[in-house]
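Structure at a glance
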Amino acid sequence: MLRRTLRERGLRMTPQRQLVLDAVTELDHATPEQICQHIRERTPTVNITTVYRTLDLLEQLGLVRHTHLGHGAPTYSVDAHEHVHLVCHRCGGLDEVPCDALAALGEQLHSARGFHLDASHLALSGVCADCSVGDQELP
């Protein structure tokens, strides 16, 4: 898939591009630093600058996407990996729900504002069930 996409855009296939895409696929959700560390376990010569540049290219090609799950670096996943992220701001836990969970909100935003929601690129913060045990109300 990567080789064909690159060729269609007049770009060449490099081992580093394949390594970065493979790492994103294997790690599911990962920051550039985590991706670089994963790659370095097999290929110690790959540096963080190469990882950032390659992630940018892969995102432009529509093969990966990034999401901000809180403060700090974005996390990357393969483009077909679409869901809404639920991030607990107490324990840092991460859960996922289908994008359809926000269908009513998307319809409301479109009706009221003409806005088209892309829920696949979204993280919501709150308190997970484990952390809210015993809470009377959310903070």
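See the structure shown above.
To keep things clear, this report deals only with the structure shown in the data block. Here the residue index of a chain counts from 1 through its sequence in written order. In keeping with the model being predicted, local features are shown solely for residues with a pLDDT of at least 70 and side-chain atom pairs are shown and tallied solely at 80 or more, while totals for entire chains, interfaces and linings include all residues. Just so you know, side-chain values use all the structure's heavy atoms and leave hydrogens and water out.

A closer look at the pairing of strand β1 (residues 64-67)
Throughout this description, buried means an accessible area under 20% of the type-specific maximum (1.4 Å probe, protein chains only), exposed means over 50%, and partly exposed covers the range between. By the criteria applied, helices consist of DSSP H or I runs no shorter than four residues and strands consist of E runs no shorter than two, each listed in order from the N terminus. Every second residue of β1 is oriented toward a common face, with V64 and H66 on one face and R65 and T67 on the other, all of them buried. Bridge analysis of β1 against strand β2 (residues 75-78) gives four bridges, and the strand direction is antiparallel. Each residue of the ladder has a partner; that of T67, found in β2, is T75. When DSSP finds two or more bridges between a pair of strands, those strands are recorded as paired.

Let's talk about helix α2 (residues 15-27)
Given a helix with a known number of residues, its expected span is that number minus one, times 1.5 Å. The terminal C-alpha atoms of α2 lie 18 Å apart, and with 13 residues this matches the ideal 18 Å at 1.5 Å per residue to within 8%. Within α2, burial applies to R17, L19, V20, L21, A23 and V24. Should any heavy atoms of two residues lie within 4.5 Å, those residues are considered in contact. In this structure, the buried side of α2 is in contact with α1 (2-8), α3 (32-40), α4 (48-60), β1 and β2. Looking one or two residues beyond α2, the residue adopting positive phi is D28, at roughly 75°.

Re the packing of α2 against α3
Following both chains from N to C, one finds α2 and α3 inclined at 110°, their axes separated by 9 Å at the closest point. Taken as axis vectors, α2 and α3 run roughly perpendicular relative to one another. Of the residues in α3, those in contact with L19, V20, A23, V24, E26 and L27 of α2 are Q34, I35, H38 and I39. Within the contact of α2 with α3, the residues separate by chemical class into seven nonpolar, two polar and one charged. Only the stretch in contact is used when fitting a helix axis, every axis being a line fitted to C-alpha atoms; angles between N-to-C directions are given from 0 to 180 degrees. In what follows, roughly perpendicular refers to angles from 65 to 115 degrees, roughly parallel to angles under 35, roughly antiparallel to angles over 145, and oblique to any angle outside these ranges. Amino acids outside the nonpolar list (Ala, Val, Leu, Ile, Met, Phe, Trp, Tyr, Cys, Pro) and the charged list (Asp, Glu, Lys, Arg) are all regarded as polar, and Gly is one of them.

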